[in-house]
Amino acid sequence: MKVLVLNSGSSSIKYQLFRSEDWTAIASGMVARIGETEGEMRLEWLDADGVMQRDQNDLAVPSHQEGIDFIVETLQSHGVLGDVSELSAIGHRVVHGGPHFKHPVIVDADVLAELHEVIPLAPLHNPGHLAGIEVSRKHFPSVPSVVVFDTAFHQTMPPTAYRYAIPEYLYTEHRIRRYGFHGTSHHYVAKRAAELLDKPLEQCNLITMHLGNGASASAIRNGRCVDTSMGLTPLEGLMMGTRCGDMDPAVPIYLSKHLGLNAEAIDHMLNRQSGLLGICGVNDMREVVRLAERGNERAELALGMMTHRLKKYIGAYYAELGAVDAIVFTGGIGENSAEVRAGACAGLEALGIELDAAANAGRADEAGLCISTAESRVQLWVIPTNEELEIAQQTLATVERKRR
Ligand code: ADP
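Residues numbered from 1 in each chain as written. Predicted model: local features only at pLDDT ≥ 70, side-chain atom pairs only at ≥ 80, totals over all residues. Heavy atoms only, no water.

Colleague: Where do I start with the site of the ligand in this structure?
Modeller: With respect to spatial proximity, the complete set of residues near the ligand consists of G212, N213, G214, N283, D284, M285, R286, G331, G332, I333, N336 and S337. Interatomic distance of 2.4 Å between a side-chain N/O atom of D284 and an oxygen atom of the ligand. G332 places a polar main-chain atom, nitrogen or oxygen, 2.9 Å from an oxygen atom of the ligand. For the ligand, the accessible surface in isolation is 580 Å², of which the surrounding protein chains cover 66%. (Near = heavy atom within 4 Å. Polar contact = N/O pair within 3.5 Å; in protein donor to acceptor, adjacent residues only side chain to side chain. Areas by Shrake-Rupley, 256 points an atom, 1.4 Å probe, with all protein chains shown as cover.)

Colleague: How should I be thinking about the packing of aromatic side chains in this particular structure?
Modeller: Note on aromatic pairs: each is described by the distance of the centres and the angle between the planes. By the definition in use, this model includes 4 aromatic pairs. Between the NZ or CZ atom of R177 and the centre of the ring of Y179, over which it lies, the distance is 4.7 Å. (Phe/Tyr/Trp six-rings, centres within 6.5 Å; stacked < 30°, edge-to-face > 60°. Lys NZ or Arg CZ within 6 Å of the ring centre and 35° of its normal.)

Colleague: Would you mind going over the packing of helix α7 (residues 250-259) against helix α8 (residues 263-272) with me for this structure?
Modeller: When two helices pack together, their arrangement is given by the angle between the helix axes and by the axis-to-axis distance. Between α7 and α8, the shortest axis-to-axis distance is 10 Å and the interhelical angle comes to 135°. Here α7 is positioned oblique relative to α8, judged by the angle of their axes. α8 is crossed by α7, and the crossing has right-handed handedness. Residues P252, L255 and S256 of α7 form the contact with α8, whose own contacting residues are I266, M269 and L270. Residue composition of the contact of α7 with α8, by class: 5 nonpolar, 1 polar and no charged. (Axes fitted to C-alpha atoms, helices over the stretch in contact; angles between N-to-C directions. Helix = DSSP H or I, 4+ residues; strand = E, 2+ residues; numbered from the N terminus. Parallel < 35°, antiparallel > 145°, perpendicular 65-115°, else oblique. Left-handed = near helix turned anticlockwise from the far one by under 90°. Contact = heavy atoms within 4.5 Å. Nonpolar A, V, L, I, M, F, W, Y, C, P; charged D, E, K, R; others polar.)

Colleague: What am I meant to see in the sheet that holds strand β4 (residues 40-46) here?
Modeller: Where strands meet in a sheet, backbone hydrogen bonds hold them as pairs that are either parallel or antiparallel. Strands sit in the order β5-β4-β3-β2-β1-β6-β8-β7 across an open sheet of 8 strands; the sheet is mixed. Bordering the open sheet on either side are β5 (52-57) and β7 (105-106), each of which pairs with just one other strand. Bridge analysis of strand β1 (residues 2-8) against strand β6 (residues 87-94) gives 5 bridges, and the strand direction is parallel. Across the sheet, V5 pairs through a bridge with G91, a residue of β6. Running over the sheet, helix α2 (residues 109-117) touches β6, β7 and β8 (145-149) and is turned about 35° from β8. Taken strand by strand, helix α3 (residues 126-139) contacts β1, β6 and β8, and its axis lies near 165° from that of β6. (Pairing = 2+ DSSP bridges.)

Colleague: Would you mind showing me how to read the UniProt feature "site: Transition state stabilizer" (unreviewed entry) in the protein here?
Modeller: As annotated in UniProt, the feature "site: Transition state stabilizer" (unreviewed entry) corresponds to H182 and R243 in the numbering used here. Within the secondary structure layout, H182 lies in the loop between α5 (168-172) and α6 (183-197). Residue class for H182 comes out buried when judged on its relative accessible area of 10%. Setting aside residues no more than four positions away along its own chain, H182 makes contact with D150, H154, H210, G214, A215, S216 and M230. Note on placement: R243 falls in the loop between β11 (224-228) and α7. A relative accessible area of 21% places R243 in the partly exposed class. (UniProt positions renumbered as here; feature names shortened; annotations may be inferred. Buried < 20%, exposed > 50% of the residue type's maximum accessible area, 1.4 Å probe, protein only.)

Colleague: Any chance you could explain the side chain of H92 here in plain terms?
Modeller: Tracing the backbone shows H92 in strand β6. Polar side-chain contacts of H92 include one of 3.2 Å to the side chain of S136. Those residues in contact with H92, other than ones at most four positions away along the chain, are L6, G132, I133, S136, S145, V146, V147 and V148.

Colleague: Can you walk me through the sheet that holds β11 in this structure?
Modeller: Strand order in the open sheet made by the 6 strands is β11-β10-β9-β12-β14-β13, with mixed pairing throughout. Looking at the sheet topology across the chains shown, the edges are occupied by β11 and β13 (369-370). The sheet contact formed by strand β12 (residues 326-330) and strand β14 (residues 379-382) spans 4 bridges and is parallel. Each residue of the ladder has a partner; that of V328, found in β14, is W381.

Colleague: What should I look at first to understand the UniProt feature "active site" (unreviewed entry) in the protein in this one?
Modeller: Following the UniProt record, the feature "active site" (unreviewed entry) maps to D150 here. With respect to the helices and strands, the residue D150 is situated in the loop between β8 and α4 (159-162). Contacts of D150, omitting those with residues within four sequence positions, involve R93, V94, V95, G180, F181, H182, G183 and T184.

Structure follows, in structure tokens:
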């Protein structure tokens, strides 16, 4: 049987198709520029001989409806998907689940109503997710749809970690609190770390660092998230490609009062013009490292600021957890940038964190890469994330639980 994972945004739908017997990804791709005059469709799939094939075209995709039609037709015409009855379930990634969703759920009218209800908390993401969910439910009425939330893994945080020190009614009436994001990735690498540590997840204390264009850290005690760096939105916490992360909350007030910027302009500045880009003019970490190695002072500063902030979170979460089995690096930067990992761990030997420079220069494959010395009390691991696989597995587990 097969599980289809859809990540439906406002103008694109990314997808992966898994064979659930061995969790091989047998196809993946995207339709992009939905609603524009020229669209884009990409598919990679494993043919009958196990060889990866590619197809691409730039046909217009007027709406999510055509996008889903397109995905199904392409999968069927290349023989990757036969009849729709081959699908056991469809898993949908949803960025924001609001305060109520603690686990993946099968989509029904109540779930859809609740997702509409939390749109104000994720105005850029949830409308696109809803469009994809509604269209795919029409297209596959007989296949259960499951929503898997980026926020769900963080729902185990205690109020001391998730509340903001602002008037209570803002929480009770407006749901303003820390939610956290990238939960699927933090959960996936935490489970993989437990396997690599050869310890049940329920006995593992971990600090997980998801460092991609967006970046977040989580503190995990006995397998459950107790704190995370992103907040009401994915702007808080670590310094990111184009997002500022933590700063004095008075800065937007200052920008409004003294520079006359309105809410949209401030939102754009802090989400899209800040972070690495704001400091050194580029947001691709490869380019930042290249410039820093050539002595570009702004790039050196950007890299230094990023690793300084990572170190602060490691220290804070270490103190929160009391004891740490492992620190895990994942995401495009966490998996690939030896410089960032080295900067984040430098000088932490007194905490029992000792990086092995030679191991850190290696490449991590799916098996994971240990980058700590044999003496290090805290193990350091690079573990490639796989959010789609995690969504597929949680989707099937949710459907099977319901059947039992
Ligand atoms: P997203 O959050 O969009 O999923 P990714 O997890 O793919 O992002 O991470 C993107 C980031 O990973 C970019 O900043 C990119 O520069 C960085 N990255 C990718 N490969 C490397 C590399 N070899 N060295 C350093 N950074 C890298």
